[in-house]
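Okay, here's what each chain looks like letter by letter:
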Amino acid sequence: MIVENLAEVERKICAACERAGRARDEVVLIAVSKTKPVSMIEELLPGGTRDFGENKVQELCEKYEQLPKDIRWHLIGHLQRNKVKYVVDKACLIHSLDSLRLAETISMEAVKRQLTVPVLIEVNVAGEESKFGVSPEETEDLIREIAKLPGILVQGLMTIAPFTADPEENRTHFSNLKKLCVDIKMKNIDNVTMSVLSMGMTGDYEVAIEEGATMVRVGTGIFGERNYR
Ligand SMILES: *Cc1c(COP(=O)(O)O)cnc(C)c1O
């Protein structure tokens, strides 16, 4: 079932790339495996899937220990400063950096371990009270401050768009984030590539791709509904 779901998502990604005149290899599909057992992840390994997303540090670390080391683990959930030390050497990309204080902690840990930690800045595109992330207006200033820190590399932006039944409602948010990314990229800030745009989930990844996403994070569409208990 999971393999079939993945094939269906893959087909829709290809179609969205085609509509947008983009190459399929411009978009990385992250299979969001949070709350799902290791056995479900293992079902996808023979087909070549290696990018998996987790939103909790502890769960990421547990799965990291149990699964092959060539898996690329993306930390997509809110990160607390006291958890940074557990995850900096396990995540290939932290999608949820949203404060200078957190960046300073990541930087300190990176320097201590002689690592360079790639990060995305989480932007709250719709100004939702309930969401983490910085406002679009604050984003460039935050990036300029983070760029001065050693051991941390800003690769782009991430957003969690509003939950909506009609993905078209998020199109403007996605295109605004793309614009913001391009604007900041043009400033050529040292240690800032702005090459990654992580946006789009099960409900809206096709629209996100049409608007320039380079990473989409799909959970339910691959693994089925989550049961949080
Ligand atoms: C859970 C989660 C996803 C995946 O959501 P689905 O709607 O199940 O595809 C994507 N991004 C983040 C940050 C998440 O927490």
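As a reminder, the structure under discussion sits directly above these lines.
With respect to the overall build of the chain
Thought 1: Within the chain, the regular secondary structure consists of nine helices and eight strands.
Thought 2: Expected size for 229 residues packed as a compact globule is a radius of gyration near 17 Å; at 17 Å, the chain falls within 12% of this value.
Thought 3: Oriented by its inertia axes, the alpha-carbon framework of the chain measures out at about 45 × 40 × 35 Å.
Thought 4: In the chain, which comprises 229 residues, the share counted as buried stands at 51%.
Thought 5: Within the chain, contacts between residues at least 6 apart in sequence are counted, and of these 59% link residues at least 24 apart.
Thought 6: Taken as a whole, the chain presents about 11,200 Å² of accessible surface, with 51% of it coming from carbon and sulfur.
Thought 7: Separation between the mean location of the 30 positive side-chain charges and that of the 36 negative ones in the chain comes to 4 Å.

Comments concerning the site of the ligand
Thought 1: In the vicinity of the ligand, the contacting residues are Val32, Lys34, Ile76, Met158, Ile160, Met201, Thr202, Arg217, Val218, Gly219, Thr220 and Arg226.
Thought 2: With respect to the ligand, the side chain of lysine 34 contributes an N or O atom lying 2.6 Å from an oxygen atom.
Thought 3: When the ligand is considered free in solution it has 390 Å² of accessible area, and contact with the protein chains removes 89% of it.
Thought 4: Residue composition of the shell around the ligand, grouped by class: six nonpolar, three polar and three charged.

Quick word on helix H5 (residues 100-112)
Thought 1: Between its terminal C-alpha atoms H5 stretches 18 Å, which fits the 18 Å expected from 13 residues at 1.5 Å a residue.
Thought 2: Those residues of H5 not exposed but buried are Leu102, Ala103, Thr105, Ile106, Ser107, Glu109 and Ala110.
Thought 3: Packed against the buried residues of H5 are helix H4 (84-87), strand S4 (91-97), strand S5 (117-122), helix H6 (136-146) and strand S6 (152-158).

Some points on the packing of aromatic side chains
Thought 1: According to the stated counting rule, one finds one aromatic pair in the structure shown.
Thought 2: Aromatic pair phenylalanine 52 and tryptophan 73: ring centres 6.0 Å apart, planes at 40°, arrangement tilted. With a gap of 21 residues between them, phenylalanine 52 in strand S2 (residues 51-54) and tryptophan 73 in strand S3 (residues 72-75) connect regions that are remote in the sequence. The residues phenylalanine 52 and tryptophan 73 share a single accessibility class, namely buried.
Thought 3: Taking the ring centre of tyrosine 64 as reference, the NZ or CZ of lysine 90 above it sits at 5.7 Å.

About the thresholds
Counting of residues starts from 1 at the beginning of each chain's written sequence and follows it residue by residue. Where totals are concerned, whole chains, interfaces and linings use all residues; where local detail is concerned, this predicted model gives features only for residues with pLDDT of at least 70, and gives and counts side-chain atom pairs only at 80 or more. To obtain the side-chain values, all non-hydrogen atoms of the structure were used and water was disregarded. Strands here mean DSSP runs of E at least two residues long; helices mean DSSP runs of H or I at least four residues long; both are numbered from the N terminus. As defined in this context, the radius of gyration uses C-alpha atoms, and a globule is described by 2.2 Å times the residue total to the power 0.38. Three exposure classes are used, based on accessible area relative to the maximum for each residue type with a 1.4 Å probe and protein chains only: buried under 20%, partly exposed in between, and exposed over 50%. Note on contacts: a residue pair is in contact if any heavy atoms of the two residues lie within 4.5 Å. Per-residue and other accessible areas follow the Shrake-Rupley method at a 1.4 Å probe size, with only the shown protein chains counted as cover for residues. The convention is simple: Lys and Arg are positive, Asp and Glu are negative, and His and the chain ends are not counted. By convention, charge coordinates are those of NZ in Lys, CZ in Arg, CG in Asp, or CD in Glu. The rule for a residue being near a molecule or strand is that one of its heavy atoms must lie within 4 Å of it. The definition of a polar contact used here is a pair of N or O atoms within 3.5 Å, where within protein one atom must be able to donate a hydrogen and the other to accept one, and adjacent residues in sequence count solely through side-chain atom pairs. When residues are grouped by polarity, Ala, Val, Leu, Ile, Met, Phe, Trp, Tyr, Cys and Pro land in nonpolar, Asp, Glu, Lys and Arg in charged, and all others, Gly among them, in polar. What a helix is expected to span follows from its residue count: subtract one and scale by 1.5 Å. Only the six-membered ring of Trp is used, alongside the rings of Phe and Tyr, when aromatic pairs are assigned; centres must lie within 6.5 Å, and planes under 30 degrees apart are stacked while those over 60 apart are edge-to-face, with the rest tilted. Any Lys NZ or Arg CZ that is within 6 Å of a ring centre and within 35 degrees of that ring's normal is treated as a charge sitting over the ring.

Nothing here speaks to function; it is all geometry.
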